[in-house]
Amino acid sequence: MRRLESHACFGGTQEVWAHDATSTACEMRFGVYLPPQVQAGPCPVLYFLSGLTCTEQNFIQKSGVQRYAAEHGLVIVSPDTSPRGDGVPDAEGDDIGLSASFYVDATQAPWSAQYRMHAYVVQELPALVEQHFPVTDARSIAGHSMGGHGALICALRHPGRYRSVSALAPICSASRGWGRKAFPAYLGDDPDAWREWDACDLLRGSHDRLSLLVDQGDADPFLAERLQPDLLQKACTAGGHTLDLHLRPGYDHGFYFVASFIGDHVAYHASALKA
Ligand SMILES: N[C@@H](CCC(=O)N[C@@H](CS)C(=O)NCC(=O)O)C(=O)O
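Residue positions are given per chain, counting from 1 as you read along its sequence in written order. Only residues with pLDDT of 70 or above have their local features reported here, since the model is predicted, and side-chain atom pairs are shown and tallied only from 80 upward, although totals for entire chains, interfaces and linings are computed over all residues. Working from all heavy atoms in the structure, the side-chain values ignore hydrogens and water.

Within an unreviewed UniProt entry, the label attached to the protein reads S-formylglutathione hydrolase, and the organism entered is Noviluteimonas caseinilytica. UniProt positions are given in the numbering used here, feature names are shortened, and annotations may be inferred rather than shown by experiment. A UniProt comment under Function (unreviewed entry) is attached to the protein, and it reads "Serine hydrolase involved in the detoxification of formaldehyde." Note on the protein: under the UniProt heading Catalytic activity (unreviewed entry), the record states "S-formylglutathione + H2O = formate + glutathione + H(+)".

## So, the nonpolar core
One finds Phe30, Val75, Phe102, Ile141, Tyr186 and Leu212 to be the most contacted residues of the largest nonpolar core, which totals 88 residues. Take this core: its biggest share by element is eight residues, from helix α10 (residues 255-273). Whether two residues touch is decided by their heavy atoms; if any such pair falls within 4.5 Å, the residues are in contact. Once you skip the residues sitting within four places of it in the chain, Phe102 turns out to touch Leu52, Asp95, Met146, His149, Ile153, Ile171, Ala174, Trp178, Gly179, Ala182 and Phe183. In plain words, nonpolar cores are sets of buried Ala, Val, Leu, Ile, Met, Phe, Trp, Tyr and Cys residues tied together by side-chain atoms within 4.5 Å. With a 1.4 Å probe rolled over the protein chains alone, any residue whose accessible area is under 20% of its type maximum counts as buried; one over 50% counts as exposed, and the rest are partly exposed. The way it works is that DSSP assigns letters per residue, a run of H or I at least four long becomes a helix, a run of E at least two long becomes a strand, and they are numbered from the N terminus.

## Thoughts on the sheet that holds strand β2 (residues 12-21)
At least two bridges found by DSSP between two strands are what make those strands a pair. Spatial ordering of the open sheet is given by β1-β2-β3-β5-β4-β6-β7-β8-β9, a layout of nine strands whose pairing is mixed. If you trace the sheet from one side to the other, it starts and ends with β1 (2-9) and β9 (242-248), each paired once. On average, adjacent strands in this sheet sit at an angle of 20° to one another, irrespective of strand direction. Those strands touched by helix α3 (residues 117-132) are β2, β3 (26-34), β4 (43-49), β5 (75-79) and β6 (135-144), and its axis lies near 145° from that of β6. The convention used is that axes are lines fitted to C-alpha atoms, helices contributing only their stretch in contact, and that angles between N-to-C directions extend from 0 to 180 degrees. Across the sheet, helix α4 (residues 146-157) touches β4, β6, β7 (165-168) and β8 (211-217), and the angle it forms with β6 is around 135°.

## Focus on the pattern of salt bridges
Here a salt bridge means any side-chain nitrogen of Lys or Arg lying within 4 Å of a carboxyl oxygen belonging to Asp or Glu. Counting across every chain of the model gives 10 salt bridges. For Arg176, the salt bridge goes to Asp198, with nearest N and O atoms at 3.5 Å. Residue Arg176 is found in the loop between β7 and α5 (182-187), and its partner Asp198 is found in the loop between α6 (191-195) and α7 (199-205); the two are separated by 22 residues along the sequence. By relative accessible area, Asp198 is classed as buried at 0%. Of the charged contacts, one joins Asp215 and Arg248 as a salt bridge, the two residues approaching to 2.6 Å between their closest N and O atoms. Here Arg248 lies in strand β9 and Asp215 lies in strand β8, a separation of 33 residues in the sequence. Just as Asp215 is buried, Arg248 falls in that class too. Salt bridges here are not isolated pairs; linked through shared partners, they connect Arg176, Asp198 and Asp201.

## Regarding the site of the ligand
Not every one of the 14 residues close to the ligand is listed here, only the nearest: Leu52, Asn58, Lys62, Asp94 and Ser145. With respect to the ligand, the side chain of Thr53 contributes an N or O atom lying 3.3 Å from a nitrogen atom. Counting of polar contacts relies on pairs of N or O atoms within 3.5 Å, with two restrictions inside protein: one atom must be capable of donating a hydrogen and the other of accepting it, and residues adjacent in sequence are counted only when both atoms are side-chain atoms. Between the ligand and Arg226 there is a distance of 3.3 Å, counted from an oxygen atom to a side-chain nitrogen or oxygen. In isolation the ligand has 510 Å² of accessible area, and contact with the protein removes 73% of it. For the shell around the ligand, the per-class residue count stands at five nonpolar, six polar and three charged. Only a single heavy atom is needed: when it lies within 4 Å of a molecule or strand, its residue is near that molecule or strand. To measure how exposed things are, a 1.4 Å probe is used in the Shrake-Rupley method; for residues, cover is taken only from the protein chains shown. By the convention adopted, Pro, Cys, Tyr, Trp, Phe, Met, Ile, Leu, Val and Ala count as nonpolar, Lys, Arg, Asp and Glu as charged, and the other residues, Gly among them, as polar.

## Observations concerning the packing of helix α2 (residues 65-72) against α10
The geometry of α2 relative to α10 is characterised by a closest axis approach of 9 Å and an angle of 25° between their N-to-C directions. Comparing their axes, α10 and α2 come out roughly parallel. Classified by chirality, the crossing of α10 by α2 is right-handed. Counted together, Val65, Tyr68, Ala69 and His72 of α2 and Ile262, Gly263, Val266, Ala267 and Ala270 of α10 form the full contact between these two elements. Across the contact of α2 with α10, the residue classes tally to seven nonpolar, two polar and no charged. Oblique is the label for every angle not falling under 35 degrees (roughly parallel), over 145 degrees (roughly antiparallel), or within 65 to 115 degrees (roughly perpendicular). Put simply, a crossing is left-handed when the front helix is turned counterclockwise from the back one by less than a right angle, and right-handed when it is turned clockwise.

Here it is, written out as structure tokens:
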């Protein structure tokens, strides 16, 4: 494991690390923000999953998360959004291939050898983080857009692993929305296989009752066709889950929106992680 960057930030340190990952069979990068409180002892971790076209850099440079993490004493771990490097498969378009893993474990060639970001995010990365950094094993998960979908499916597929889950402008039903191209490519043509990775289908079938915090801009150009919060509302009602959905007037899809509400999400996770 190599440290690529280290920057003093709000009394703590924003770092970027690279390591050889087993799940994705390539070198992976991730950001770690260590708040000032780690000087006194291990802190809980909020994992943050980013959206299409992002690397580990977009969130750490644009969201302003460090200020809130320093206030609440949370470590923030922000992985890259797909495998990367020589020989990693890609395809035409922003919504498949590089930066578009959809945080699933692909079953179809040529994707299945390396597009295993679910295993990476849920198992391999936390094991690495808990071995090398001053953290407790208390974890929460959040994400933006494709990463919002990722956060929801990680929490839904692994009950008890995360203390809390939240999303900003999530792709709510990837198989019906922004994942319509990637899902058949990664998972095959059988819709039953998609249901295991679609947040709305998982919410309908889940025995565990979840509490979700979701923010969504009402001027987001992707809202109706690709994000579909209406489907999330229906699935939460059907499955008996609590959804705290804030529709934010005038906000679009980008990082100005994320930066405006990330503080609320960090505070929400801090209260769950410190309970
Ligand atoms: N280019 C894409 C949209 C890409 C996009 O909006 N990506 C969001 C997440 S889904 C993002 O975070 N982009 C990186 C950034 O704004 O820094 C399209 O128009 O279909």
